[in-house]
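So you can see what is in the structure, the chains are spelled out below.
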Amino acid sequence: RLTKLLGLKNSNISGIIIASIVNKSLIQARNTITLNVGESDSIKINMPVITDDGLVGRIVSTSQSYSIAQILLNRNLNISVKVQRSRVDGILNYDGSDNVTINNISKSADVKIGDVILTSEYSNYFPAGIPVGIVTEEGNLDNLFKKVIVKPLVNFTALEEVFVLIKPDFCLLIKFERLDFFANG
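Criteria and thresholds
- Residues numbered from 1 in each chain as written.
- Predicted model: local features only at pLDDT ≥ 70, side-chain atom pairs only at ≥ 80, totals over all residues.
- Heavy atoms only, no water.
- Helix = DSSP H or I, 4+ residues; strand = E, 2+ residues; numbered from the N terminus.
- Buried < 20%, exposed > 50% of the residue type's maximum accessible area, 1.4 Å probe, protein only.
- Contact = heavy atoms within 4.5 Å.
- Areas by Shrake-Rupley, 256 points an atom, 1.4 Å probe, with all protein chains shown as cover.
- Pairing = 2+ DSSP bridges.
- Axes fitted to C-alpha atoms, helices over the stretch in contact; angles between N-to-C directions.
- Salt bridge = Lys/Arg side-chain N within 4 Å of Asp/Glu carboxyl O.
- Phe/Tyr/Trp six-rings, centres within 6.5 Å; stacked < 30°, edge-to-face > 60°.
- Lys NZ or Arg CZ within 6 Å of the ring centre and 35° of its normal.
- Core = buried A, V, L, I, M, F, W, Y, C linked by side-chain atoms within 4.5 Å.

Caption draft 1: Spatial organisation of the overall build of the chain. Of regular secondary structure, the chain possesses two helices and twelve strands. Of all 185 residues assigned to the chain, the portion counted as buried reaches 45%. For the chain, the share of sequence-separated contacts (at least 6 apart) that also reach a separation of at least 24 residues comes to 57%. If you sum the accessible surface of the chain, you get close to 9,400 Å²; carbon and sulfur atoms cover 47% of it.

Caption draft 2: Spotlight on the sheet that holds strand E7 (residues 89-94). Read once around its circumference, the closed barrel built from six strands follows the order E6-E7-E8-E11-E10-E9, with strand pairing classed as antiparallel. Ignoring strand direction, the axes of neighbouring strands in this sheet form an average angle of 45°. Of the pairings in the sheet, the one linking strand E8 (residues 100-103) to strand E11 (residues 146-152) comprises three bridges and is antiparallel in character. Looking across to E11, one finds that Ile 102 is bridged to Val 148.

Caption draft 3: The arrangement of the pattern of salt bridges in detail. Following the criterion strictly, the structure yields five salt bridges and no others. Across the pair Asp 110 and Arg 85 runs a salt bridge, and its minimum N-O distance is 2.8 Å. In this pair, Asp 110 is assigned in the loop between E8 and strand E9 (116-119) and Arg 85 in the loop between strand E6 (79-83) and E7, connecting sequence segments 25 residues apart. With relative accessibility at 40%, the residue Arg 85 sits in the partly exposed group. Asp 115 is the partner of Arg 85 in a salt bridge, and the nearest nitrogen-oxygen pair spans 2.8 Å. Taken together, the positions of Arg 85 in the loop between E6 and E7 and Asp 115 in the loop between E8 and E9 put the pair 30 residues apart, joining distant regions of the chain. Within this structure, Lys 82, Asp 89 and Glu 121 form a network of salt bridges that share partners.

Caption draft 4: Up close: the packing of aromatic side chains. Taken as a whole and assessed by the stated rule, the structure comprises one aromatic pair. The lysine or arginine in question, Arg 58, covers the ring of Tyr 125, its NZ or CZ lying 4.1 Å from the ring centre.

Caption draft 5: Fine view of the nonpolar core. Membership of the largest hydrophobic core comes to 44 residues, with the highest contact counts inside it found for Leu 35, Val 56, Leu 92 and Val 162. Each residue touching Val 56, except ones within four places of it in the same chain, is listed here: Ile 33, Val 49, Ile 50, Thr 51, Gln 70, Ile 71, Leu 72, Val 154, Phe 156, Leu 159 and Val 162.

Caption draft 6: Looking closely at the sheet that holds strand E4 (residues 55-62). Within the closed barrel, the six strands sit side by side as E1-E2-E5-E4-E3-E12. Their pairing is antiparallel. For this sheet, the mean inter-axis angle between neighbouring strands, taken without regard to orientation, is 45°. In terms of strand pairing, strand E1 (residues 16-24) meets strand E2 (residues 30-35) through three bridges, oriented antiparallel. Considered in E2, the bridge of Lys 24 is made with Ile 33.

Given below as structure tokens:
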């Protein structure tokens with residue numbers, strides 16, 4: 001099932017761990033998910049968590065058999081991102097109510113509705129190139145910066161299983177079919 005979801009031709013998936021979500025919080029400013037894998041499964045703090053759709057978050061706490069991940073819908077998670085088309089960089093975070101936004105985007109930057117947002121190479125936690133979301137709104141915030149709102153590619157409400165990257169370079173092996181679709185579709 002995993003190889004089908006990820007579109008892998010090779011069934012060697014030693015760079016990831018499959019995890020089921022046993023608890024999740026989606027109604028707070030600091031939302032998390034609890035996974036049924038922990039230290040005994042080689043899970044460590046700061047490991048990226050993804051799905052076949054894109055980025056979910058990162059591990060922030062572990063026990064022997066469980067772990068907790070901050071998700072995109074968490075005010076404390078700031079992610080270095082890049083616009084796929086124009087290569088514009090920014091910092092993505094959740095505003096605590098309804099929006100995932102990109103901050104520090106210059107008013108003159110080339111960002112358009114429909115642009116795909118990826119993790120950037122400047123991140124300390126996430127490999128570059130993981131799909132994050134789609135720009136749904138952009139406009140002027142003030143005289144210097146744009147307001148950019150992003151819809152995450154991951155449906156957190158329906159989320160049941162995730163993949164924890166135990167080898168950060170594993171992302172280089174993954175062919176994100178959705179990303180290819182957005183880039184070429």
